[in-house]
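The residues making up each chain are set out below.
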Amino acid sequence: MGACEHPLVSVVTPVYNGEPYLRECIESVLAQTYSNWEYVIVNNCSKDGTLEIAKEYARKDRRIHVYSNEELLPIIANHNRAFNLIAPNSKYCKVVSADDWLFSECIARMVDLAEPHPSVGIVGSYQLSGGGDKWHVRNHGLPYFKTVVPGREICRLQLLGRLDVFANPTSNLYRADLVRSTDAFFPNAAAEADVSACYKHLQFADFGFVHQVLSYERLHRASMTTTSRELNAYLPSLINDCVTYGPLHLSQGELEMRIKELLGEYYKFLASSSFKFRNKRFWNYHRGRLSELGFPFDRFKLGKRIFLKCIDIVLNPKHNVELLMRR
(Lines give C-alpha, C1' and ligand atoms only; values in the text may rest on other atoms or scores of the structure.)
Protein backbone atom coordinates (compact mmCIF):
# COMPACT_ATOMS: atom_id res chain seq x y z
CA MET A 1 0.00 0.00 0.00
CA GLY A 2 1.06 3.57 -0.61
CA ALA A 3 1.04 6.03 2.28
CA CYS A 4 -2.30 7.52 1.17
CA GLU A 5 -3.92 4.05 1.15
CA HIS A 6 -3.46 3.34 4.86
CA PRO A 7 -6.92 3.58 6.47
CA LEU A 8 -7.22 4.44 10.15
CA VAL A 9 -7.41 1.42 12.47
CA SER A 10 -8.86 1.80 15.98
CA VAL A 11 -7.12 -0.54 18.41
CA VAL A 12 -9.00 -1.11 21.68
CA THR A 13 -7.97 -2.64 25.01
CA PRO A 14 -10.61 -2.90 27.74
CA VAL A 15 -8.69 -3.65 30.94
CA TYR A 16 -9.25 -4.46 34.60
CA ASN A 17 -6.23 -4.96 36.89
CA GLY A 18 -3.93 -5.53 33.95
CA GLU A 19 -0.70 -4.30 35.54
CA PRO A 20 1.29 -7.57 35.14
CA TYR A 21 0.94 -7.69 31.35
CA LEU A 22 -0.29 -4.30 30.11
CA ARG A 23 3.15 -2.90 29.23
CA GLU A 24 3.88 -5.85 26.95
CA CYS A 25 0.44 -5.46 25.35
CA ILE A 26 0.92 -1.73 24.66
CA GLU A 27 4.48 -2.23 23.41
CA SER A 28 3.18 -4.75 20.87
CA VAL A 29 0.85 -2.09 19.46
CA LEU A 30 3.65 0.47 19.34
CA ALA A 31 5.81 -2.08 17.48
CA GLN A 32 3.35 -2.51 14.61
CA THR A 33 4.77 -2.04 11.12
CA TYR A 34 1.43 -0.36 10.33
CA SER A 35 1.43 3.17 11.73
CA ASN A 36 -1.99 4.72 11.02
CA TRP A 37 -3.77 3.69 14.18
CA GLU A 38 -5.33 5.14 17.30
CA TYR A 39 -5.29 3.20 20.54
CA VAL A 40 -8.25 3.33 22.96
CA ILE A 41 -7.52 1.93 26.44
CA VAL A 42 -10.52 1.69 28.77
CA ASN A 43 -9.62 1.25 32.43
CA ASN A 44 -12.42 -0.55 34.26
CA CYS A 45 -11.89 0.76 37.82
CA SER A 46 -8.62 -1.13 38.24
CA LYS A 47 -7.17 -1.32 41.74
CA ASP A 48 -3.55 -1.82 40.66
CA GLY A 49 -1.19 0.27 38.54
CA THR A 50 -3.15 -0.17 35.29
CA LEU A 51 -4.26 3.45 34.95
CA GLU A 52 -0.80 4.85 35.68
CA ILE A 53 0.80 2.58 33.07
CA ALA A 54 -1.78 3.55 30.43
CA LYS A 55 -1.37 7.27 31.15
CA GLU A 56 2.42 6.96 31.03
CA TYR A 57 2.24 5.66 27.46
CA ALA A 58 -0.43 8.20 26.47
CA ARG A 59 1.95 11.01 27.47
CA LYS A 60 4.54 9.59 25.08
CA ASP A 61 2.30 8.92 22.06
CA ARG A 62 -0.64 11.12 21.10
CA ARG A 63 -2.31 8.21 19.28
CA ILE A 64 -3.05 6.60 22.66
CA HIS A 65 -6.27 7.67 24.42
CA VAL A 66 -7.06 6.55 27.96
CA TYR A 67 -10.54 6.45 29.47
CA SER A 68 -11.60 5.42 32.98
CA ASN A 69 -15.02 4.09 33.91
CA GLU A 70 -16.79 5.77 36.82
CA GLU A 71 -18.14 2.42 37.98
CA LEU A 72 -17.07 -1.18 37.46
CA LEU A 73 -18.65 -2.72 34.37
CA PRO A 74 -19.06 -6.41 33.54
CA ILE A 75 -16.33 -7.64 31.16
CA ILE A 76 -18.41 -7.68 27.99
CA ALA A 77 -20.05 -4.34 28.81
CA ASN A 78 -16.57 -2.83 29.12
CA HIS A 79 -15.67 -4.20 25.68
CA ASN A 80 -18.78 -2.60 24.21
CA ARG A 81 -17.92 0.71 25.85
CA ALA A 82 -14.49 0.55 24.22
CA PHE A 83 -16.10 -0.12 20.84
CA ASN A 84 -18.32 2.94 21.31
CA LEU A 85 -15.23 5.14 21.82
CA ILE A 86 -13.50 4.42 18.50
CA ALA A 87 -12.88 7.30 16.10
CA PRO A 88 -15.76 8.12 13.73
CA ASN A 89 -13.39 8.03 10.75
CA SER A 90 -11.66 4.71 11.47
CA LYS A 91 -12.20 1.99 8.88
CA TYR A 92 -11.21 -1.02 11.00
CA CYS A 93 -11.23 -1.98 14.67
CA LYS A 94 -8.66 -4.26 16.30
CA VAL A 95 -9.06 -5.65 19.81
CA VAL A 96 -6.03 -6.65 21.83
CA SER A 97 -6.81 -8.01 25.29
CA ALA A 98 -4.64 -6.58 28.05
CA ASP A 99 -2.90 -9.90 28.74
CA ASP A 100 -2.36 -10.69 25.03
CA TRP A 101 -0.15 -9.11 22.40
CA LEU A 102 0.22 -8.70 18.64
CA PHE A 103 3.05 -9.76 16.39
CA SER A 104 4.53 -6.77 14.59
CA GLU A 105 2.90 -7.44 11.20
CA CYS A 106 -0.56 -8.17 12.61
CA ILE A 107 -2.46 -5.04 11.61
CA ALA A 108 -0.64 -4.65 8.29
CA ARG A 109 -1.39 -8.20 7.16
CA MET A 110 -5.03 -8.01 8.16
CA VAL A 111 -5.62 -4.66 6.47
CA ASP A 112 -3.77 -5.91 3.36
CA LEU A 113 -6.31 -8.72 3.09
CA ALA A 114 -9.38 -6.61 3.85
CA GLU A 115 -8.70 -3.64 1.59
CA PRO A 116 -9.02 -5.43 -1.81
CA HIS A 117 -12.19 -7.18 -0.57
CA PRO A 118 -14.80 -4.62 0.57
CA SER A 119 -17.29 -7.40 1.34
CA VAL A 120 -15.06 -8.73 4.14
CA GLY A 121 -16.35 -7.64 7.54
CA ILE A 122 -14.18 -9.75 9.85
CA VAL A 123 -10.60 -10.94 9.32
CA GLY A 124 -9.17 -13.82 11.34
CA SER A 125 -5.73 -15.42 11.58
CA TYR A 126 -3.79 -18.14 13.34
CA GLN A 127 -3.10 -17.45 17.00
CA LEU A 128 -0.43 -18.73 19.37
CA SER A 129 -2.06 -19.66 22.66
CA GLY A 130 -0.50 -20.84 25.88
CA GLY A 131 1.57 -20.32 28.98
CA GLY A 132 4.03 -22.32 31.04
CA ASP A 133 4.62 -25.66 29.31
CA LYS A 134 1.34 -25.75 27.36
CA TRP A 135 1.30 -24.18 23.90
CA HIS A 136 -0.74 -24.63 20.73
CA VAL A 137 -1.84 -22.77 17.60
CA ARG A 138 -5.54 -21.90 17.36
CA ASN A 139 -7.84 -21.37 14.36
CA HIS A 140 -6.30 -23.92 12.03
CA GLY A 141 -8.48 -26.01 9.71
CA LEU A 142 -9.36 -23.64 6.90
CA PRO A 143 -7.69 -24.77 3.64
CA TYR A 144 -4.63 -22.65 2.89
CA PHE A 145 -5.96 -21.48 -0.49
CA LYS A 146 -9.09 -20.03 1.13
CA THR A 147 -8.57 -16.43 2.23
CA VAL A 148 -12.09 -15.05 1.67
CA VAL A 149 -15.15 -17.14 2.55
CA PRO A 150 -18.82 -16.11 2.32
CA GLY A 151 -20.06 -15.17 5.78
CA ARG A 152 -22.97 -17.59 5.85
CA GLU A 153 -20.74 -20.45 4.70
CA ILE A 154 -18.13 -19.94 7.42
CA CYS A 155 -20.87 -19.54 10.06
CA ARG A 156 -22.53 -22.75 8.93
CA LEU A 157 -19.27 -24.71 9.16
CA GLN A 158 -18.50 -23.20 12.58
CA LEU A 159 -21.97 -23.91 13.96
CA LEU A 160 -21.79 -27.52 12.78
CA GLY A 161 -18.41 -27.97 14.50
CA ARG A 162 -16.52 -28.57 11.28
CA LEU A 163 -14.28 -25.53 11.79
CA ASP A 164 -13.15 -23.43 14.76
CA VAL A 165 -11.65 -20.25 13.35
CA PHE A 166 -13.39 -17.39 15.20
CA ALA A 167 -11.08 -17.78 18.24
CA ASN A 168 -10.91 -14.78 20.58
CA PRO A 169 -11.05 -11.00 19.94
CA THR A 170 -7.27 -10.54 19.82
CA SER A 171 -7.08 -12.77 16.73
CA ASN A 172 -9.69 -10.81 14.73
CA LEU A 173 -9.98 -7.50 12.88
CA TYR A 174 -13.46 -5.98 12.53
CA ARG A 175 -14.73 -3.55 9.93
CA ALA A 176 -15.56 -0.41 11.89
CA ASP A 177 -18.93 0.24 10.24
CA LEU A 178 -20.13 -3.10 11.64
CA VAL A 179 -18.84 -2.12 15.09
CA ARG A 180 -20.63 1.23 14.88
CA SER A 181 -23.88 -0.32 13.61
CA THR A 182 -24.95 -1.21 17.16
CA ASP A 183 -24.40 -0.05 20.75
CA ALA A 184 -23.48 -3.63 21.70
CA PHE A 185 -21.18 -5.15 19.08
CA PHE A 186 -20.69 -8.12 21.42
CA PRO A 187 -24.39 -9.09 21.57
CA ASN A 188 -24.67 -10.97 24.88
CA ALA A 189 -23.04 -11.14 28.31
CA ALA A 190 -21.34 -14.54 27.91
CA ALA A 191 -17.54 -14.71 27.95
CA GLU A 192 -17.77 -16.06 24.37
CA ALA A 193 -19.81 -13.07 23.12
CA ASP A 194 -17.09 -12.31 20.55
CA VAL A 195 -17.98 -15.55 18.73
CA SER A 196 -21.66 -14.61 18.85
CA ALA A 197 -20.72 -11.28 17.22
CA CYS A 198 -19.20 -13.19 14.30
CA TYR A 199 -22.43 -15.14 13.74
CA LYS A 200 -24.49 -11.97 13.98
CA HIS A 201 -22.48 -9.72 11.71
CA LEU A 202 -21.40 -12.27 9.11
CA GLN A 203 -25.02 -12.39 7.96
CA PHE A 204 -24.14 -9.24 6.06
CA ALA A 205 -20.42 -9.64 5.33
CA ASP A 206 -17.75 -12.14 4.31
CA PHE A 207 -14.94 -13.60 6.39
CA GLY A 208 -11.27 -13.12 5.55
CA PHE A 209 -8.42 -15.18 6.91
CA VAL A 210 -4.66 -14.57 7.01
CA HIS A 211 -2.77 -17.87 7.15
CA GLN A 212 -0.13 -16.54 9.53
CA VAL A 213 0.30 -16.44 13.33
CA LEU A 214 -0.41 -12.78 14.07
CA SER A 215 -1.29 -12.68 17.78
CA TYR A 216 -0.62 -14.33 21.11
CA GLU A 217 -3.25 -15.31 23.66
CA ARG A 218 -1.80 -15.65 27.15
CA LEU A 219 -3.34 -18.41 29.27
CA HIS A 220 -3.04 -17.95 33.02
CA ARG A 221 -5.18 -18.54 36.07
CA ALA A 222 -6.90 -15.14 35.97
CA SER A 223 -7.67 -15.06 32.25
CA MET A 224 -11.24 -15.26 30.98
CA THR A 225 -10.25 -18.07 28.60
CA THR A 226 -8.87 -20.20 31.45
CA THR A 227 -12.02 -19.66 33.52
CA SER A 228 -14.20 -20.60 30.56
CA ARG A 229 -12.22 -23.79 30.03
CA GLU A 230 -12.40 -24.81 33.69
CA LEU A 231 -16.19 -24.43 33.69
CA ASN A 232 -16.50 -25.61 30.07
CA ALA A 233 -18.48 -22.44 29.39
CA TYR A 234 -17.87 -22.95 25.68
CA LEU A 235 -20.41 -25.78 25.45
CA PRO A 236 -23.46 -23.82 26.68
CA SER A 237 -22.30 -20.88 24.56
CA LEU A 238 -22.25 -23.16 21.50
CA ILE A 239 -25.81 -24.21 22.24
CA ASN A 240 -26.86 -20.59 22.77
CA ASP A 241 -25.33 -19.58 19.43
CA CYS A 242 -27.10 -22.48 17.71
CA VAL A 243 -30.44 -21.45 19.20
CA THR A 244 -29.93 -17.75 18.38
CA TYR A 245 -28.11 -17.82 15.06
CA GLY A 246 -28.68 -21.35 13.79
CA PRO A 247 -31.95 -20.37 12.04
CA LEU A 248 -29.96 -17.83 9.99
CA HIS A 249 -27.26 -20.22 8.80
CA LEU A 250 -28.56 -23.80 9.09
CA SER A 251 -31.48 -25.78 7.73
CA GLN A 252 -34.11 -26.83 10.27
CA GLY A 253 -32.88 -30.42 10.13
CA GLU A 254 -29.25 -29.41 10.62
CA LEU A 255 -30.19 -27.17 13.54
CA GLU A 256 -32.21 -29.83 15.36
CA MET A 257 -29.49 -32.45 14.85
CA ARG A 258 -26.73 -30.12 16.03
CA ILE A 259 -28.58 -29.07 19.20
CA LYS A 260 -29.29 -32.72 20.01
CA GLU A 261 -25.60 -33.53 19.47
CA LEU A 262 -24.43 -30.66 21.69
CA LEU A 263 -26.85 -31.55 24.49
CA GLY A 264 -25.51 -35.12 24.33
CA GLU A 265 -21.96 -33.77 24.69
CA TYR A 266 -23.14 -31.56 27.56
CA TYR A 267 -24.55 -34.42 29.62
CA LYS A 268 -21.54 -36.60 28.84
CA PHE A 269 -19.34 -33.81 30.21
CA LEU A 270 -21.55 -33.40 33.31
CA ALA A 271 -21.45 -37.15 33.93
CA SER A 272 -17.63 -37.15 33.80
CA SER A 273 -17.64 -34.15 36.14
CA SER A 274 -19.65 -36.18 38.67
CA PHE A 275 -16.53 -38.28 39.22
CA LYS A 276 -14.26 -35.24 39.66
CA PHE A 277 -15.68 -33.81 42.89
CA ARG A 278 -16.85 -30.53 41.33
CA ASN A 279 -18.02 -27.86 43.78
CA LYS A 280 -21.44 -26.27 44.23
CA ARG A 281 -20.48 -23.25 42.10
CA PHE A 282 -19.82 -25.56 39.14
CA TRP A 283 -23.19 -27.31 39.36
CA ASN A 284 -25.14 -24.10 39.96
CA TYR A 285 -23.51 -22.57 36.91
CA HIS A 286 -24.51 -25.42 34.61
CA ARG A 287 -28.03 -25.79 36.00
CA GLY A 288 -28.49 -22.06 35.47
CA ARG A 289 -27.06 -22.08 31.94
CA LEU A 290 -29.25 -25.00 30.84
CA SER A 291 -32.32 -23.23 32.21
CA GLU A 292 -31.38 -20.00 30.41
CA LEU A 293 -30.99 -21.92 27.16
CA GLY A 294 -34.46 -23.40 27.42
CA PHE A 295 -33.29 -26.93 28.19
CA PRO A 296 -33.86 -27.39 31.97
CA PHE A 297 -31.48 -29.70 33.82
CA ASP A 298 -32.58 -33.31 33.23
CA ARG A 299 -31.62 -35.71 36.04
CA PHE A 300 -32.69 -38.72 33.98
CA LYS A 301 -30.32 -37.82 31.16
CA LEU A 302 -27.52 -37.22 33.64
CA GLY A 303 -28.22 -40.51 35.41
CA LYS A 304 -28.12 -42.39 32.11
CA ARG A 305 -24.75 -40.84 31.25
CA ILE A 306 -23.38 -41.62 34.72
CA PHE A 307 -24.47 -45.24 34.28
CA LEU A 308 -22.63 -45.43 30.94
CA LYS A 309 -19.57 -43.85 32.59
CA CYS A 310 -19.67 -46.51 35.34
CA ILE A 311 -19.66 -49.22 32.69
CA ASP A 312 -16.67 -47.54 31.06
CA ILE A 313 -14.83 -47.51 34.40
CA VAL A 314 -15.48 -51.23 34.88
CA LEU A 315 -14.38 -52.11 31.34
CA ASN A 316 -11.34 -49.78 31.33
CA PRO A 317 -9.97 -49.91 34.90
CA LYS A 318 -6.32 -49.19 34.05
CA HIS A 319 -7.09 -46.01 32.13
CA ASN A 320 -9.40 -44.69 34.84
CA VAL A 321 -7.03 -45.51 37.72
CA GLU A 322 -4.30 -43.58 35.90
CA LEU A 323 -6.72 -40.69 35.49
CA LEU A 324 -7.53 -40.68 39.20
CA MET A 325 -3.82 -40.83 40.14
CA ARG A 326 -3.12 -37.80 37.94
CA ARG A 327 -5.81 -35.93 39.88
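All figures in this text were calculated on a predicted structure; none of them were measured in a lab. (Residues numbered from 1 in each chain as written. Predicted model: local features only at pLDDT ≥ 70, side-chain atom pairs only at ≥ 80, totals over all residues. Heavy atoms only, no water.)

> I tried to follow the overall build of the protein on my own but got confused; where do I start?
Helix and strand counts for the protein come out as 13 helices and 10 strands. Taken over the C-alpha trace, the protein has a radius of gyration of 21 Å; the compact-globule value for 327 residues is 20 Å, and the two agree within 12%. Here the protein contributes 40 positively and 35 negatively charged side chains, and the mean placements of these two sets differ by 7 Å. (Helix = DSSP H or I, 4+ residues; strand = E, 2+ residues; numbered from the N terminus. Rg over C-alpha atoms; globule rule 2.2 N^0.38 Å. Lys, Arg positive; Asp, Glu negative; His and termini not counted. Charge placed at Lys NZ, Arg CZ, Asp CG, Glu CD.)

> Help me understand unusual backbone geometry in this model?
When glycine is set aside, most residues are seen to have a negative phi, and most peptide bonds are trans. Residue C45 is not a glycine yet carries a positive backbone phi of 55°. Here C45 lies in the loop between β2 (37-43) and α2 (50-60). Even without a glycine there, the phi angle at N139 is positive, about 80°. Its location among the elements puts N139 in the loop between β7 (134-138) and β8 (148-149).

> Explain the side chain of S171 here, please?
Relative to the helices and strands, S171 is located in the loop between α5 (151-159) and β9 (173-175). Take S171: its relative accessible area is 0%, and that puts it in the buried class. Side-chain polar atoms of S171 contact the backbone oxygen of N168, separated by 2.9 Å. S171 has contacts with K94, M110, V123, G124, S125, Q127, N139, F166 and S215, leaving out every residue within four places of it along the chain. (Buried < 20%, exposed > 50% of the residue type's maximum accessible area, 1.4 Å probe, protein only. Polar contact = N/O pair within 3.5 Å; in protein donor to acceptor, adjacent residues only side chain to side chain. Contact = heavy atoms within 4.5 Å.)

> Looking at this structure, how should I read α2?
Side chains that are three or four residues apart share a direction in an α-helix, a result of its 3.6 residues per turn. Taken as a whole, α2 has its buried residues at T50, I53, A54 and Y57. End-on, the buried residues of α2 take up no more than an arc of 95°, which puts them together on one face. Elements that come into contact with the buried residues of α2 comprise β1 (9-15), α1 (19-30), β2 and β3 (64-68). (Arc of directions from axis to C-beta.)

> Any chance you could explain the pairing of β2 here in plain terms?
As a general feature of sheets, a regular strand has side chains that alternate between the two faces. Most of β2 is tucked away, with seven of its seven residues classed as buried. Two elements, β1 and β2, share seven bridges in a ladder whose sense is parallel. Bridge pairing links T13 to I41 in β2. At this point the chain moves from β1, through α1, to the parallel β2, and the crossover so formed is right-handed. (Pairing = 2+ DSSP bridges. Right-handed = clockwise from strand over helix to strand, strands pointing away.)

> What is the right way to read the pattern of salt bridges from this model?
A complete count under the given rule lists 12 salt bridges for this structure. In this structure, R258 and E261 form a salt bridge, with 3.1 Å as the shortest nitrogen-oxygen distance. A residue pair is termed a helical-turn pair when its members lie 3 or 4 positions apart in one helix, as R258 and E261 do in helix α10 (residues 252-273) at three residues. Look at R258 and you get buried, because its relative accessible area is 7%. Salt bridges here are not isolated pairs; linked through shared partners, they connect R23, E56 and K60. (Salt bridge = Lys/Arg side-chain N within 4 Å of Asp/Glu carboxyl O.)

> I'm lost on the packing of aromatic side chains in this one. Help?
How two aromatic rings sit relative to each other is set out by the distance from centre to centre and by the angle between their planes. One pass over the full model with this rule turns up 18 aromatic pairs. Seen in terms of ring centroids, Y174 and F185 are 4.8 Å apart; in terms of plane orientation they differ by 65°. Their pairing is edge-to-face. With Y174 in strand β9 and F185 in the loop between α6 (176-180) and α7 (193-201), this pair connects stretches of sequence that are 11 residues apart. The pair formed by Y174 and F185 is uniform in burial state, with each residue classed as buried. Ring geometry for Y174 against F186: centres 6.5 Å apart, planes inclined by 80°, an arrangement best described as edge-to-face. Of this pair, Y174 sits in strand β9 while F186 is found in the loop between α6 and α7, placing the two residues 12 residues apart along the sequence. Ring pairing ties together the aromatic residues Y126, F166, Y199, F207, F209 and Y245, which thus form one cluster. Over the ring of Y57 we find K60, and its NZ or CZ is 5.4 Å from the ring centre. (Phe/Tyr/Trp six-rings, centres within 6.5 Å; stacked < 30°, edge-to-face > 60°. Lys NZ or Arg CZ within 6 Å of the ring centre and 35° of its normal.)

> Explain the nonpolar core here, please?
For soluble globular proteins, nonpolar side chains are generally found buried alongside one another. With 55 residues, the main nonpolar core has F83, I154, F166, Y174, L202 and L270 as its most contacted residues. Tallying contributions element by element places α10 first for this core, with nine residues. Grouped together as the second largest cluster of nonpolar side chains are 31 residues, V15, C106, V111 and V120 included. (Core = buried A, V, L, I, M, F, W, Y, C linked by side-chain atoms within 4.5 Å.)

> Mind showing me how you'd approach the environment of V123 here?
Mapped onto the elements, V123 comes out in strand β6 (residues 120-131). Judged by relative accessible area, which is 1%, V123 ranks as buried. Distance in space between the C-alpha atoms of V123 and M110 is 6.4 Å, their sequence separation being 13 residues. Sequence-distant contacts of V123, defined by excluding residues within four places in its chain, comprise M110, L113, A114, S171, N172, L173, G208 and V210.

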